[in-house]
There are 2 protein chains.
Amino acid sequence: MSGVRTAAVVGTGLIGTSIGLALRRHGIHAYLQDRDPEALSAAQAVGAGRAQEPPARVDIAVLAVPPAMVAPVLSALQQRDFARCYTDVASVKLLPQAQAEAAGCDLGSYVGGHPMAGRERSGPLAARADLFRGRPWVLTPSAHTEPSTVDTAADLIGVCGGEALTMEPAEHDRAVAMTSHAPHVMASLVASRFAEDSGEATDLCGPGIRDLTRIAAGERELWTDIIGSNAPAVRRALAGIGTDLAAVLAALGELGADCAERREAARTELGRMLGRGVSGRQRIAGPSGNSWQDCRTVSVVVDQGDRSMPRLLADADRCGIGVAEVRLEQEPGRDVRAPEGRADVLVAVKSAPELVAALRSYGWVAWG
Amino acid sequence: MSGVRTAAVVGTGLIGTSIGLALRRHGIHAYLQDRDPEALSAAQAVGAGRAQEPPARVDIAVLAVPPAMVAPVLSALQQRDFARCYTDVASVKLLPQAQAEAAGCDLGSYVGGHPMAGRERSGPLAARADLFRGRPWVLTPSAHTEPSTVDTAADLIGVCGGEALTMEPAEHDRAVAMTSHAPHVMASLVASRFAEDSGEATDLCGPGIRDLTRIAAGERELWTDIIGSNAPAVRRALAGIGTDLAAVLAALGELGADCAERREAARTELGRMLGRGVSGRQRIAGPSGNSWQDCRTVSVVVDQGDRSMPRLLADADRCGIGVAEVRLEQEPGRDVRAPEGRADVLVAVKSAPELVAALRSYGWVAWG
């Protein structure tokens with residue numbers, strides 16, 4: 001029997017406070033701790049739980065502290081028999097596991113955890129009960145972790161609306177280096193070019209670079225800790241990017257060469273690199289689940305009469321091409337009575353040219 | 001007297017078709033041309049104008065063609081006295097200007113242009129009349145450009161809802177290398193790491209890397225042209241990033257050093273780089289206008305009673321700290337009758353700690 005009825009959140013920053021909010025929304029008793037009294041009272045003020053010592057051993061204690069603090073806090077709490085089981089939310093998993101072993105912690109009642117959620121803003125007042133909804137939440141049980149510990153942590157994840165996912169600690173650290181830590185460094189490097197810009201380039205910043213650099217706003221100290229705690233894996237990921245960057249720089253130099261063949265080779269190299277980026281982006285863009293990851297949008301002009309949505313769907317079906325999703329493109333301020341509208345049809349990348357050709361042969365205006 | 005009553009759009013891709021849609025919405029006669037008959041009929045089908053030869057010389061012709069095609073198309077159209085004046089929308093400005101001069105074009109009736117707008121999707125069916133609304137649109141008049149040409153182009157920009165901005169061609173190319181072309185390469189390099197990933201890392205991709213790599217989805221051929229046409233400036237921007245990346249790689253290696261002093265120096269270096277990223281991001285994040293660029297959010301717990309929004313504003317005023325904006329944080333599904341809410345107060349970065357301290361001294365729960 002697992003089941004979480006009482007919980008403690010140790011560390012009421014963004015993640016800890018958000019967990020408290022989710023627990024309270026499910027009527028679970030949540031007790032809050034933080035060494036900063038301002039953070040603690042703020043978390044209590046937004047309704048994340050009570051800022052007091054639990055009256056008895058809680059079902060689960062969530063250590064929402066920096067990576068290097070997980071093992072010391074775990075050790076101290078276990079010595080007081082504070083909770084039935086323990087998890088943490090640190091964004092690296094090898095380091096806390098190794099330190100917990102070295103500190104002689106009880107490894108049966110501990111399971112490492114990492115919710116894949118966050119915001120650029122930090123602190124208890126940026127917390128949201130729905131922060132984890134539909135997001136992966138990795139658990140990294142060791143050989144020592146008892147099954148009931150994993151069950152209780154999975155229950156907590158369910159209460160928060162997350163999707164539990166089990167990985168090896170090393171596999172987790174390699175994956176987050178690729179998906180989060182190395183990208184954070186890249187966003188910082190691009191953003192830092194603007195730290196001393198006089199303004200003319202800054203005036204031209206559009207949605208592209210705004211989205212690209214959004215994560216660079218993350219708190220400096222926190223991210224120095226996170227990246228530093230996963231240095232070997234981040235270094236490997238960045239070294240690969242550095243090698244590719246050197247190739248791009250060489251190609252850009254060659255584009256100015258006198259010899260047409262060298263210019264053409266450089267252009268091919270640049271195109272090949274951008275093409276790999278398009279492929280990689282297709283994998284990143286889709287919601288998890290492979291069926292989505294290789295989709296492409298085909299746009300089709302539709303109207304209320306002869307070229308209607310139902311007929312489009314019938315014609316797509318007639319082609320024998322599986323359609324992942326159809327949506328109508330809504331343009332703000334557009335006259336809804338206007339005869340022209342656009343439908344976006346998502347199909348497998350390889351089927352897109354075939355669908356465009358077939359729809360055109362049936363008389364549709366199609367593009368994709 | 002400038003004033004645009006008739007216009008031609010040459011090239012009905014995303015940008016050209018979007019301009020046609022904006023022109024038509026203002027009742028301006030728009031004539032469309034494209035060497036691809038499918039693109040042309042699609043642009044006409046969505047209502048971007050008529051796919052026919054204008055009956056008389058138009059007020060302005062917009063060349064929405066790739067950078068290297070601007071000068072040849074301009075030369076051909078001028079020989080037929082096609083338009084009173086000409087502009088283009090190519091994302092580099094030195095190359096078309098130099099090629100137009102070399103081709104012996106009439107430089108008085110031509111002004112280079114570049115709207116800072118786009119989407120990851122391309123083609124006429126991705127077009128939107130509001131694509132340019134509130135976005136900067138650079139004009140790069142040469143010493144030869146007649147004032148009436150600039151006026152007419154500025155009118156066109158106004159019709160499209162854009163904000164006209166004048167720059168030197170070289171200054172423009174340097175700026176877009178920093179804000180768009182080099183960032184595009186960085187997004188591609190990060191995304192390309194996932195092109196051959198087996199899936200475990202892809203499963204952990206969250207909103208951070210999705211936003212960061214969004215622009216990497218851009219059409220490969222188009223972006224090879226764009227980046228290739230601005231190779232020297234892109235190379236300079238990327239070389240700076242490459243130098244910083246090498247420093248980060250060195251610091252990450254040093255974090256594993258035996259010597260504590262070397263580890264500490266590496267940590268300082270990493271933190272310094274991330275700090276520069278935070279500063280740069282603050283400049284990028286704000287809407288144009290310097291007053292916004294150095295703002296920081298202070299969050300405050302508010303309620304309907306004693307700790308109300310009006311009282312918060314009065315107390316902020318009492319501190320003598322200028323407030324750029326106040327907004328209430330809305331959480332989806334939150335019970336609106338709940339006593340707790342959070343207000344986000346935007347103030348100058350340097351004033352944030354002072355405001356937090358002052359509000360706390362008045363009894364508020366504040367964070368920022």
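About the thresholds
Residues numbered from 1 in each chain as written. Chains lettered and ligands numbered in written order. Predicted model: local features only at pLDDT ≥ 70, side-chain atom pairs only at ≥ 80, totals over all residues. Helix = DSSP H or I, 4+ residues; strand = E, 2+ residues; numbered from the N terminus. Buried ≥ 20, exposed ≤ 12 C-beta atoms within 10 Å, placed from the backbone. Contact = placed C-beta atoms within 7 Å. Nonpolar A, V, L, I, M, F, W, Y, C, P; charged D, E, K, R; others polar. Core = buried A, V, L, I, M, F, W, Y, C linked by C-beta atoms within 7 Å. Expected span 1.5 Å × (residues − 1). Least-squares fit on C-alpha atoms with pLDDT ≥ 70 in both. pLDDT = per-residue confidence, 0-100. Pairing = 2+ DSSP bridges. Axes fitted to C-alpha atoms, helices over the stretch in contact; angles between N-to-C directions. Right-handed = clockwise from strand over helix to strand, strands pointing away. Parallel < 35°, antiparallel > 145°, perpendicular 65-115°, else oblique. Left-handed = near helix turned anticlockwise from the far one by under 90°.

Asks: In this structure, what is going on with the overall build of chain A? I would like to understand it.
Replies: A count of helical and extended segments in chain A gives 14 helices and 11 strands. In terms of principal-axis extent, the alpha carbons of chain A reach across some 75 × 55 × 45 Å. Expressed as a percentage of its 368 residues, the buried residues of chain A come to 52%. In chain A, 71% of the contacts between residues at least 6 apart in sequence involve partners at least 24 apart.

Asks: I would appreciate a short explanation of the interface of chain B and chain A in the present structure.
Replies: Interface size, as often reported, equals the accessible area lost upon joining of the parts. Taken together, the contact pairs 103 residues of chain B with 103 residues of chain A. Those elements that provide at least two residues to the side of chain B that touches chain A are α2 (37–45), α6 (169–192), α7 (200–203), α8 (207–213), α9 (220–229), α10 (231–254), α11 (260–285) and β8 (295–302) of chain B. Here the side of chain B that touches chain A gets 16 residues from one element, more than from any other, and that element is α10(B). Partitioning the side of chain B that touches chain A into residue classes produces 55 nonpolar, 26 polar and 22 charged.

Asks: Which parts of the structure should I look at to understand the nonpolar core?
Replies: The tendency in soluble globular proteins is for nonpolar side chains to be buried side by side. If you look at the biggest cluster of nonpolar residues, it comprises 242 residues, and the most contacted ones within it are A:Ala7, A:Val300, B:Ala7 and B:Val300. Non-local contacts of B:Val300, meaning those with residues more than four positions away in its chain, are made with B:Leu312, B:Arg342, B:Ala343, B:Val345, B:Leu359, B:Trp364, B:Val365 and B:Ala366.

Asks: What am I meant to see in helix α5 (residues 147–159) of chain A here?
Replies: One turn of an α-helix holds 3.6 residues; hence residues three or four places apart share an orientation. Residue and element names in this part refer to chain A. Between its first and last C-alpha, α5 extends 19 Å over 13 residues, near the 18 Å set by a 1.5 Å rise per residue. Looking at α5, one finds that the buried residues are Thr-149, Thr-152, Ala-153, Ala-154, Leu-156 and Ile-157. Of the residues trailing α5, Gly-161 is marked for its positive phi of about 85°.

Asks: Can you help me understand the environment of A:Ala56 in this one?
Replies: Residue and element names in this part refer to chain A. Within the secondary structure, Ala-56 is located in the loop between α2 (37–45) and β3 (58–63). Using a count of 5 C-beta atoms within 10 Å as the deciding quantity, one classes Ala-56 as exposed. When the C-alpha atoms of Ala-56 and Ala-83 are compared, they prove to be 8.6 Å apart, with 27 residues separating the residues in sequence.

Asks: Can you walk me through unusual backbone geometry in this structure?
Replies: Backbone phi values are negative for most residues with the exception of glycine, while trans is the configuration of most peptide bonds. All names here are of chain A. Residues other than glycine seldom take positive phi values, yet Asp-81 does so here, at roughly 50°. Here Asp-81 is to be found in the loop between α3 (70–79) and β4 (83–88). The class for Asp-81 is exposed, based on 9 C-beta atoms found within 10 Å.

Asks: For this particular structure, what's the right way to read the relation of the copies chain B and chain A?
Replies: Mapping between the two copies of the chain is achieved by a rotation about an axis and a shift along the axis. For the match of chain B to chain A, the screw axis carries a shift of 0.0 Å, the RMSD comes to 0.1 Å, and the turn is 180°. Here the two chains are linked by the operation of a two-fold rotation axis. When C-alpha positions in chain B are compared against the rotation axis, the closest is assigned to B:Leu212, at 1.9 Å. Take the interface residues of chain B: 100% of them recur as interface residues in chain A, which is what a same-surface contact looks like.

Asks: What's the story with the confidence of the model for chain A in this structure? I'm lost.
Replies: Do not read the fine detail of predicted coordinates wherever pLDDT is low. Residue and element names in this part refer to chain A. Considering every residue of chain A, the mean pLDDT works out to 88; 92% of them sit at 70 or more. Considering only residues more than four positions removed or in separate chains, one finds that residues 330–339, a stretch of pLDDT under 50, has seven contacts. For this predicted complex, the interface confidence score (ipTM) comes to 0.75, while the overall pTM stands at 0.75.

Asks: Even after reading the chapter, I still don't get the sheet that holds strand β5 (residues 110–115) of chain A, so can you show me in this structure?
Replies: Residues and elements named next belong to chain A. Strand order in the open sheet formed by seven strands is β2-β1-β3-β4-β5-β6-β7, with mixed pairing between adjacent strands. If you trace the sheet from one side to the other, it starts and ends with β2 (29–33) and β7 (163–166), each paired once. Strand-to-strand twist in this sheet, taken as the mean axis angle between neighbours without regard to direction, amounts to 25°. Here strand β6 (residues 136–140) pairs with β7 via four bridges, running parallel. Across the sheet, the residue bridging to Pro-136 is Glu-163, located in β7.

Asks: Before we go on, may I ask you to explain the pairing of β5(A) in this structure?
Replies: Every other side chain in a regular strand lies on the same face of the sheet, so the side chains alternate between the two faces. Residue and element names in this part refer to chain A. Counting buried residues along β5, six of its six residues qualify, which places the element largely inside the surrounding structure. Of the two faces of β5, the one lined by Tyr-110, Gly-112 and His-114 and the one lined by Val-111, Gly-113 and Pro-115 are each fully buried. As paired strands, β4 and β5 are joined by two bridges and run parallel to one another. The partner of Thr-87 across the bridge, within β5, is Val-111. Between the parallel elements β4 and β5, the chain passes through helix α4 (residues 94–102) in a crossover that is right-handed. As defined by bridge partners, β5 adjoins β6 across four bridges and the pair is classed as antiparallel. Looking at β6, one finds that Gly-112 is bridged to Thr-140.

Asks: What should I look at first to understand the packing of helix α3 (residues 70–79) of chain B against helix α4 (residues 94–102) of chain B in this one?
Replies: How two helices pack is summed up by the angle between their axes together with the distance between the axes. Residues and elements named next belong to chain B. Across the interface, α3 lies against α4 with an axial gap of 8 Å and an inter-helix angle of 40°. By the angle between their axes, α3 is oblique relative to α4. For the element pair α3 and α4, the recorded crossing hand is right-handed. Here Val-70, Ala-71 and Leu-74 of α3 come into contact with α4, specifically with Pro-96, Gln-99 and Ala-100. Grouping the amino acids of the contact of α3 with α4 by side-chain chemistry returns five nonpolar, one polar and no charged.

Asks: Looking at this structure, I do not really get the pairing of strand β1 (residues 6–10) of chain A. What am I missing?
Replies: Residue and element names in this part refer to chain A. Taken across its five residues, β1 has four buried, putting it largely inside the fold. Here five bridges tie β1 to β2, and the two strands are oriented parallel to one another. Counted as the bridge partner of Ala-7 is Ala-30 from β2. Of the crossover connections in this fold, the one passing from β1 over helix α1 (residues 14–25) to the parallel β2 is right-handed. Of the pairings in the sheet, the one linking β1 to β3 comprises four bridges and is parallel in character. Looking at the pairing, Val-9 lines up with Val-62 of β3.

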